[in-house]
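So the chains spell out like this:
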Amino acid sequence: QVQLVESGGGLVQPGGSLRLSCAVSRGIFSFKTLGWYRQAPGKQRELVAQVTEGSDTIYAVSVKGRFTMSRDNAKNTVYLQMNSLKPEDTAVYYCNAITRLSMIQIWGQGTQVTVSS
């Protein structure tokens, strides 16, 4: 089994920051693609940030310059640093990975981020 577990969500005021974590049950190099998605009420799930081996990290236009995706290979953890948060960033954020060998897409359970004053 491959599992992803997100954490770090919560309530923050506009302009604040949060760092989301995604703990993976395999080494990070077991995955071809790692990414973050989000889904707001009444909207489709959208890509926030994604990295594929051999390529630069891709960010949604709406978060570029504010969000940064990173990883710690030793801890088998992927991060999403979110700065200058806006109310429109409010959503459930999901970690996503595609396995290297089987090309299976894995989703975490999601973590709620609410930006409100």
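For every chain, the first residue of its written sequence is number 1, and the numbers climb from 1 along that sequence. Given that this is a predicted model, residues contribute local features only at a pLDDT of at least 70 and side-chain atom pairs are listed and counted only at 80 or more, while totals for whole chains, interfaces and linings are drawn from all residues. To obtain the side-chain values, all non-hydrogen atoms of the structure were used and water was disregarded.

S.K.: Outline the sheet that holds strand 8 (residues 77–82), supporting the account with residue identities and numerical values.
M.R.: At least two DSSP bridges between two strands are required for those strands to pair. We count a stretch as a helix when DSSP gives it H or I for four or more residues in a row; a strand needs E for two or more, and each element gets its number in order from the N terminus. Strand order across the open sheet formed by four strands is 1-3-8-7, with antiparallel pairing between neighbours. Either end of the sheet is taken by a strand with one partner, and the two such strands are strand 1 (4–7) and strand 7 (67–72). Looking at each pair of strands side by side, their axes are set apart by 20 degrees on average, direction ignored. Here strand 7 runs beside strand 8; their pairing, made up of six bridges, is antiparallel. Each bridged residue has a counterpart across the sheet, and for threonine 68 the counterpart in strand 8 is glutamine 81. For every element, the axis is a line fit to its C-alpha atoms; helices are fit only across the contacting stretch, and the angle between N-to-C directions ranges from 0 to 180 degrees.

S.K.: I'd like to hear about the pairing of strand 11 (residues 111–115), residue by residue, with values.
M.R.: Only protein chains enter the calculation, and the probe is 1.4 Å; a residue is then buried if its accessible area is under 20% of its type maximum, exposed if over 50%, and partly exposed in between. Alternating residues of strand 11 divide into Thr111, Val113 and Val115, all buried, and Gln112 and Thr114, none buried. Summarising the sheet, strand 2 (residues 10–12) and strand 11 pair through three bridges and their orientation is parallel. Across the sheet, leucine 11 pairs through a bridge with threonine 114, a residue of strand 11. Here strand 9 (residues 91–99) pairs with strand 11 via three bridges, running antiparallel. Paired with tyrosine 93 across the strands is threonine 111, a residue of strand 11.

S.K.: Account for the environment of cysteine 22, naming residues and giving values.
M.R.: Tracing the sequence through the fold places cysteine 22 in strand 3 (residues 18–24). Overall, the relative accessible area of 0% leaves cysteine 22 in the buried class. In the structure, cysteine 22 is positioned twelve residues away from leucine 34 in sequence and 10.0 Å away in space, judged by C-alpha atoms. When checking whether two residues touch, look at their non-hydrogen atoms; a contact exists if any pair is within 4.5 Å. Every residue in contact with cysteine 22, bar those within four places of it in the chain, is listed here: Leu4, Val5, Glu6, Trp36, Asn76, Thr77, Val78 and Cys95.

S.K.: Describe the pattern of salt bridges, with residues and values.
M.R.: Basic side-chain nitrogens of Lys or Arg form a salt bridge, by our definition, when they fall within 4 Å of a carboxyl oxygen of Asp or Glu. Scanning the model with the defined rule gives five salt bridges in all. The salt bridge involving lysine 32 is made with glutamate 53; its shortest N-O contact spans 3.9 Å. Remark: glutamate 53 occurs in the loop between strand 5 (46–52) and strand 6 (58–59) and lysine 32 occurs in strand 4 (residues 31–39); sequence separation between them is 21 residues. With a relative accessible area of 39%, glutamate 53 lands in the partly exposed category.

S.K.: Mind laying out the packing of aromatic side chains, listing which residues take part and the relevant values?
M.R.: Each pair of aromatic rings taken from Phe, Tyr and Trp, with Trp reduced to its six-membered ring, is defined by centres within 6.5 Å and is described as stacked if the planes are under 30 degrees apart, edge-to-face if over 60, and tilted in the remaining cases. Under the counting rule described, the total for this entry stands at two aromatic pairs. Taking 5.0 Å as the distance between ring centres and 70 degrees as the angle between the ring planes, the aromatic pair formed by tyrosine 37 and tryptophan 107 counts as edge-to-face. You can see tyrosine 37 sitting in strand 4 and its partner tryptophan 107 sitting in strand 10 (residues 105–107), a full 70 residues away along the chain. You can call tyrosine 37 buried: its relative accessible area is 16%. Tryptophan 107 gets classed as partly exposed once you look at its relative accessible area, which sits at 32%. For the pair tyrosine 94 and tryptophan 107, a centre-to-centre distance of 6.4 Å together with 90 degrees between the ring planes defines the contact as edge-to-face.

Read these as layout, nothing more, since geometry by itself doesn't imply function.
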